Amino acid sequence: MTDSKYFTTTKKGEIFELKAELNSDKKEKKKEAVKKVIASMTVGKDVSALFPDVVNCMQTDNLELKKLVYLYLMNYAKSQPDMAIMAVNTFVKDCEDPNPLIRALAVRTMGCIRVDKITEYLCEPLRKCLKDEDPYVRKTAAVCVAKLHDINAQLVEDQGFLDTLKDLISDSNPMVVANAVAALSEIAESHPSSNLLDLNPQSINKLLTALNECTEWGQIFILDCLANYMPKDDREAQSICERVTPRLSHANSAVVLSAVKVLMKFMEMLSKDLDYYGTLLKKLAPPLVTLLSAEPELQYVALRNINLIVQKRPEILKHEMKVFFVKYNDPIYVKLEKLDIMIRLASQANIAQVLAELKEYATEVDVDFVRKAVRAIGRCAIKVEQSAERCVSTLLDLIQTKVNYVVQEAIVVIKDIFRKYPNKYESVIATLCENLDSLDEPEARAAMIWIVGEYAERIDNADELLESFLEGFHDESTQVQLQLLTAIVKLFLKKPTETQELVQQVLSLATQDSDNPDLRDRGYIYWRLLSTDPVAAKEVVLAEKPLISEETDLIEPTLLDELICYIGTLASVYHKPPSAFVEGSRGVVHKSLPPRTGSSESAESPDAAPAGVQPSEQPAVIPTQGDLLGDLLNLDLGPPVSGPPIAASSVQMGAVDLLGGGLDSLMGDESEGLRSDVGGSPAMGGTGFAAPSTVVPANLGAPLGSGLGDLFDLTGGVGTLSGSYVAPKSVWLPAMKAKGLEISGTFSRQVGSISMDLLLTNKALQVMSDFAIQFNRNSFGLAPAAPLQVHTPLAPNQSVEISLPLNTVGSVMKMDPLNNLQVAVKNNIDVFYFSTLYPLHILFVEDGKMERQMFLATWKDIPNENEAQFQIKECPLNADAVSNKLQGSNIFTIAKRNVEGQDMLYQSLKLTNGIWVLAELRIQPGNPSFTLSLKCRAPEVSQHIYQAYETILKN
């Protein structure tokens, strides 16, 4: 009788009856009872109440009964941890049983009971079993260590089990070696930082010896472990490859793929000139081909892996094209995958064969497959130039079939063929236009519209064709709307007279009637281009297009290298790295192929930093000024986000990156640890950005600290109230350029606050109101700290004076000249743009006095090539008058000496972004010409500092 009888009972007092049977004296009855308990457990009934009775049955010599009890125990130990402890003694006893099967069973069950309380009791038996004389027990114990590590990693490390596992790699029995490798790999995966599998040539040799005698799963574990090893040179790589190659003929496909993975990885280290390299390539093809004769699911996995291998080394399978021809009874997923590989292997040698196949596929009944086949014909045309002619004629034949989806796919690929071979196949456009009405898919409609727009000058009725699409503009998908907009603008630029209405219609549809931001943005850009500069519009819209490349769907090289390391795993089927789909806390280690031989790594790898540059030190890329004029063309000139004016003493001590190439270039080669963290500008675009983060420069610590001394050094005058020199206002924006609005202004600094003092005059005939102001990004991050407030409307012929507070926490970009400021002012009439130069002394901060010792050290530290000398002529002041005048603008005299009748003033100043400038001023009594020497880590500012000296001293 079969075991089904155990599942059929429905009596009421079932548990009670089972209890009685379990405690029976008859062995047979006991065994029957335990079987019934396991049957109930299997169908989901709760039989945990019988725990003590079942555990009593453990004391038996009957192996079958013992297995059943252990099965029950594994299931219920978690929910009954206190009861499970009762079983510990039996485990300990069973681990010393003369029968190795029972010893192994006890160890296996111990590993499966995931109860913390029990684990410490299991350490002793486990230790004995790891050193057991029977290999079956040792191999079971090896796996148990991995399970125990999962429950309590610390315990396993403290008990020294990991070292025992490492010793098992040298075991005489191949199965023990394989399980030890599997256990260590498992543990290493959950602890990527630990160097458990410390592989060296000796241990690799042991693994390769064990490889020949293992079971297939053992072989997979060992091969996967080998794949993580990095041979020291090409000779070692070659010898490993030679010993792994026989695995390619194994019957198990998982073993084959694992061997392929090892070979693909180590081939990177072999020189292509070696005879062995060619032999290896030849040996890799047959096993891959054999995998394709398995059942469809295995074929699919093999094809996904082959897809990666072909992208990495197409030469392996270049002669095997026929294997990838589709069979009539292949499932669709296999067909599509084969098609993909056919295109990757297509070359001049086999293109005729491939095209004949593809043309055949295009007449099949499976719609998805037919579409992909038509697309494949187009991809072949792009990949193999000699075949383009045949491909185009094949596509035209297919269009003549008038099968809707075939026509649509053909049009999509013909568009790409036009992009790859301009002015070659345009004669087919007429045929394409005949099929315009049958297109109902967005991609095909978009492709057709692109063709009409691109070749409008060759199509007489191009305007009618495009107009026919416009009628249902709002029902089209975004892709079609964008193409239609561009195509009509192209048509207008080619035939302006006939299509003016059409272009106005599409621009208003795209901007005023559409709520899609992409469409509106593109519409507005075209509108502006066409209305301001049609010549520029022509250059932009009708520019030469780059040719498209042959393989657009290749996997990105670094990802491909990583996926090659995962051949035979899920990652190779998904074509995604494990980190993309494996959830949970286990750290996924990114694997990569070894560097190629014969080339230094830096030449190969794009990630290698230039010599002498730490990877983290690569200078930040700052856009050039030309990129940013667009910032000012911001339609929406709302009032700026206000922020309080920042007191000078708190102005960022950190170095905001100012002058282009990151402060590393600014501060000499050895970047002073000044990293730029530039925020956006609160003033541009009306959005708030973060202020620059303040990084205190490493070796400017002392002068920053010395600010405290300055607070008490009253002669140092923190924020002397006289304020720095203010230039008279000059006209920045003449009325004729701004529809009657004249703007004059100047900059000032008073007690740590910078302001822009403006005089607005209305010379127009209408009232002006709704004023707002914005700055473009600039070298020192100047930005309005509050909105531009003109409280009453400005009547004709009226003027108003305004002081606009500024701060220096805006976006930073190096300007040319350095002190250039681009400003946009908006009122109810229009937006006006002007630029002005601000004097640098408004950026000299109040805590710019350096200590003497620091001054000396810094002067020596700054390289001599950073020193600049200037002459200040016709300045009749003596040394004390000069010193007082400069101090009013925060240029501080640190020491004064008289050398051979000349007065020498040593001075320091600091800019709002933390750049220090040191100066030496030589004054010859009675001579009105002074010599100024400036030293600074950012020599770009020296010229502007000299101009500030001139301005202050001569006014």
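Counting restarts for each chain: residues are numbered from 1 in the order of the written sequence. In keeping with the predicted nature of the model, local features appear solely for residues at pLDDT of at least 70, side-chain atom pairs appear and are counted solely at 80 or more, and the whole-chain, interface and lining totals rest on all residues. Where side-chain values are given, they derive from all heavy atoms of the structure, hydrogens and water being excluded.

A. Up close: the overall build of the chain. Helices and strands together make up the secondary structure of the chain, namely 41 helices and 13 strands. Here, residues are in contact when the closest pair of their heavy atoms is within 4.5 Å. In the chain, of all internal contacts separated by at least 6 residues, the share reaching a separation of at least 24 is 68%. Residue exposure ignores everything except the shown protein chains as possible cover, and the areas themselves are Shrake-Rupley values with a 1.4 Å probe. Just so you have it, the chain exposes about 44100 Å², and 52% of that area is on carbon and sulfur atoms. Numbering goes from the N terminus for both helices and strands, where a helix is a DSSP run of H or I of at least four residues and a strand is a run of E of at least two.

B. Region of interest: the packing of helix 14 (residues 216-227) against helix 16 (residues 253-267). As a rule, the C-alpha atoms of each element are fitted with a line to give its axis, helices using only the stretch in contact, and angles between N-to-C directions run from 0 to 180 degrees. One can describe the packing of helix 14 onto helix 16 by two numbers: an axis separation of 9 Å at closest approach and a directional angle of 15 degrees. If you check the angle between helix 14 and helix 16, you find them roughly parallel. In this structure, helix 14 meets helix 16 at a crossing whose hand is left-handed. Two secondary-structure elements touch here, helix 14 through Glu 216, Gln 219, Ile 220, Leu 223, Asp 224, Leu 226 and Ala 227 and helix 16 through Ala 254, Val 255, Ser 258, Ala 259, Lys 261, Val 262, Lys 265 and Phe 266. When residues are grouped by polarity, Ala, Val, Leu, Ile, Met, Phe, Trp, Tyr, Cys and Pro land in nonpolar, Asp, Glu, Lys and Arg in charged, and all others, Gly among them, in polar. Within the contact of helix 14 with helix 16, the residues separate by chemical class into 9 nonpolar, 2 polar and 4 charged. To sort the angles, those under 35 degrees are grouped as roughly parallel, those over 145 as roughly antiparallel, those from 65 to 115 as roughly perpendicular, and the leftovers as oblique. If you view the pair so one helix is near and one far, a crossing is left-handed when the near helix is turned anticlockwise from the far one by less than a right angle, and right-handed when it is turned clockwise.

C. Up close: the sheet that holds strand 11 (residues 902-910). Should DSSP find at least two bridges between two strands, the strands are taken to pair. Reading across from one edge, 9-13-12-11-10 is the order of the 5 strands in this open sheet, with antiparallel pairing throughout. Across the chains shown, the open sheet's two edge strands, defined by having one partner strand only, are strand 9 (867-872) and strand 10 (892-899). Neighbour-to-neighbour, the strand axes of the sheet open up by a mean angle of 20 degrees, direction not taken into account. Bridge count between strand 12 (residues 916-923) and strand 13 (residues 930-936): 6 bridges; the pairing is antiparallel. In the sheet register, Leu 921 faces strand 13, and the bridge partner there is Leu 932. Against the sheet, helix 40 (residues 879-887) makes contact with strand 10, strand 11, strand 12 and strand 13, and its axis sits at roughly 5 degrees relative to strand 11, the strand it touches most.

D. The arrangement of the packing of helix 2 (residues 27-42) against helix 4 (residues 63-76) in detail. Between helix 2 and helix 4, whose axes approach to 10 Å, the crossing angle comes to 35 degrees. The element helix 2 and its partner helix 4 pack so that their crossing is left-handed. For the pair formed by helix 2 and helix 4, the contact residues are Lys 31, Val 34, Lys 35, Val 37, Ile 38 and Met 41 on the first element and Glu 64, Leu 65, Leu 68, Val 69, Leu 71, Tyr 72, Asn 75 and Tyr 76 on the second. Taken together, the residues that form the contact of helix 2 with helix 4 break down as 10 nonpolar, 1 polar and 3 charged.

E. Quick look at the packing of aromatic side chains. Note on aromatic contacts: the rings of Phe and Tyr and the six-membered ring of Trp form a pair at centre separations within 6.5 Å, being stacked when their planes are under 30 degrees apart, edge-to-face when over 60 apart, and tilted otherwise. In this structure the tally under the stated criterion is 12 aromatic pairs. Where Trp 732 meets Phe 747, the ring centres are 5.3 Å apart and the plane angle is 35 degrees; that geometry is what we call tilted. Taken together, the residues span a long stretch of sequence, with Trp 732 in strand 1 (residues 730-733) and Phe 747 in strand 2 (residues 741-750) at a distance of 15 residues. Note on exposure labels: buried denotes an accessible area under 20% of the residue type's maximum, exposed denotes more than 50%, and partly exposed covers the range between, all computed with a 1.4 Å probe on protein chains only. For Trp 732, a relative accessible area of 12% translates into the label buried. Take Phe 747: its relative accessible area is 2%, and that puts it in the buried class.

F. View of the nonpolar core. We define the nonpolar core as a collection of buried residues of types Ala, Val, Leu, Ile, Met, Phe, Trp, Tyr and Cys that are connected through side-chain atoms lying within 4.5 Å of one another. Counting 213 residues, the largest nonpolar core has Tyr 72 and Phe 418 as the members making the most contacts within it. Discounting chain neighbours no more than four positions away, the residues touching Phe 418 are Tyr 425, Glu 426, Val 428, Ile 429, Leu 432, Trp 450, Ile 451 and Tyr 455. Counting residues in hydrophobic clusters, the runner-up holds 63 residues, among them Ile 754, Leu 886, Ala 919 and Leu 921.

G. Summary view of the sheet that holds strand 3 (residues 753-762). Spatial ordering of the open sheet is given by 1-2-3-6-5, a layout of 5 strands whose pairing is antiparallel. In this open sheet, the two strands that pair with only one neighbour each are strand 1 and strand 5 (783-784).

H. Up close: the pairing of strand 4 (residues 772-775). Because side chains alternate across strand 4, one face comprises the buried residues Ala 772 and Gln 774, and the other comprises Ile 773 and Phe 775, equally buried. Bridging between strand 4 and strand 7 (residues 820-826) involves 4 bridges; their strand directions are antiparallel. Looking at strand 7, one finds that Ile 773 is bridged to Val 825.

I. Geometry of the side chain of Asp 132. Residue placement: Asp 132 occurs in the loop between helix 8 (116-130) and helix 9 (135-151). Within the structure, Asp 132 has its side chain in polar contact with the side chain of Arg 103 (distance 2.8 Å). Excluding its chain neighbours within four sequence positions, the residues that come into contact with Asp 132 are Arg 103, Val 137 and Arg 138. Definition of a polar contact: a pair of N or O atoms within 3.5 Å, with one able to donate and the other able to accept a hydrogen when the atoms are protein atoms, and with sequence-neighbouring residues admitted only if both atoms are side-chain atoms.

J. The pattern of salt bridges, seen in detail. Each salt bridge in this description consists of a side-chain nitrogen of Lys or Arg and a carboxyl oxygen of Asp or Glu lying within 4 Å of one another. One pass over the full model with this rule turns up 37 salt bridges. Notably, a salt bridge pairs Glu 268 with Arg 313, separated by 2.8 Å at the nearest N-O pair. Taken as a pair, Glu 268 in the loop between helix 16 and helix 17 (275-291) and Arg 313 in the loop between helix 18 (296-312) and helix 19 (332-345) lie far apart in primary sequence, 45 residues in all. Each member of the pair, Glu 268 together with Arg 313, is buried.

K. Structural context of the confidence of the model for the chain. Of all residues in the chain, 84% attain a pLDDT of 70 or more, and the chain-wide mean is 79. Taken together, the stretch residues 598-721 has pLDDT below 50 and engages in 222 contacts with residues farther than four places along the chain or on a different chain. Each residue gets a pLDDT score, which is the predictor's confidence in that residue and runs from 0 to 100.

L. Structural view of the environment of Leu 105. With respect to the helices and strands, the residue Leu 105 is situated in helix 7 (residues 100-112). By relative accessible area, which is 9% here, Leu 105 ends up buried. Between the C-alpha atom of Leu 105 and that of Ala 141, which follows or precedes it by 36 residues, the distance is 9.8 Å. With near-sequence residues (within four places) excluded, Leu 105 lies in contact with Leu 63, Lys 66, Lys 67 and Tyr 70.

M. Structural context of a negative patch on the surface. For patch building, the residue pool is restricted to those with more than 30% relative accessible area and no salt bridge; the joining distance is 9 Å between like charges and 5 Å between nonpolar side chains (Val, Leu, Ile, Met, Phe, Trp, Tyr). Counted charges follow a simple rule, with Lys and Arg positive, Asp and Glu negative, and His plus the chain ends left uncounted. Each charge is placed at NZ for Lys, CZ for Arg, CG for Asp and CD for Glu. Judged by side-chain charge, Glu 464, Glu 467, Glu 471 and Glu 501 come together as a negatively charged surface patch. Within the secondary structure layout, Glu 471 lies in the loop between helix 26 (462-470) and helix 27 (478-494).

N. View of the environment of Leu 466. Mapped onto the elements of the fold, Leu 466 is located in helix 26. C-alpha separation for the pair Leu 466 and Val 452, spaced 14 residues apart in sequence, amounts to 7.6 Å. Those residues in contact with Leu 466, other than ones at most four positions away along the chain, are Ile 449, Val 452, Leu 484, Ala 487, Ile 488 and Leu 491.

O. Helix 18, seen in detail. Every helix has an expected span of 1.5 Å times one less than the residues it contains. Taking 1.5 Å per residue as the helical rise, helix 18 with its 17 residues ought to reach 24 Å, and the 24 Å between its terminal C-alpha atoms agrees with that figure. Within helix 18 the residues assigned to the buried category are Gln 299, Ala 302, Leu 303, Arg 304, Asn 305, Ile 306, Asn 307, Leu 308, Ile 309, Val 310 and Gln 311. Against the buried residues of helix 18 lie helix 16, helix 17, helix 19, helix 31 (557-564) and helix 32 (570-574).

P. Local environment of unusual backbone geometry. Note the cis peptide between Asp 816 and Pro 817, where omega equals -5 degrees. As for its position among the elements, Pro 817 is in the loop between strand 6 (799-807) and strand 7. Non-glycine residue Lys 402 carries a positive phi angle of around 60 degrees. Along the chain, the position of Lys 402 falls in the loop between helix 22 (388-400) and helix 23 (404-420). Despite not being glycine, Asp 770 shows a phi value in the positive range, around 55 degrees. For Asp 770, the location among the structural elements is in the loop between strand 3 and strand 4.

Q. Quick peek at the state of the cysteines. Pairs of cysteine sulfur atoms within 2.5 Å are identified as disulfides in what follows. Applying the stated criterion across every chain, the model contains 0 disulfides. Between Cys 123, a cysteine without a disulfide, and Cys 144, which holds the nearest cysteine sulfur, the sulfur-to-sulfur distance is 9.5 Å. A relative accessible area of 2% means that Cys 123 is categorised as buried.

R. The side chain of Asn 866, seen in detail. When you line up the elements, Asn 866 lands in the loop between helix 39 (852-861) and strand 9. When near neighbours in sequence (up to four residues on either side) are disregarded, Asn 866 contacts Leu 934, Lys 935, Cys 936, Arg 937 and Pro 939.

S. A look at the environment of Asn 423. With respect to the secondary-structure elements, Asn 423 resides in the loop between helix 23 and helix 24 (429-434). Sequence separation of Asn 423 and Tyr 455 is 32 residues, and the distance between their C-alpha atoms is 9.9 Å.

T. Structural view of the pairing of strand 2. Counted residue by residue, strand 2 has 9 buried out of 10 residues, so it is predominantly covered. Alignment of strand 2 against strand 3, held across 10 bridges, turns out to be antiparallel. Note that in strand 3 the partner of Ile 743 across the bridge is Leu 760. Between strand 2 and strand 3, which pair antiparallel in sequence order, lie 2 residues; one of them, Val 751, sits at a positive phi of approximately 45 degrees.

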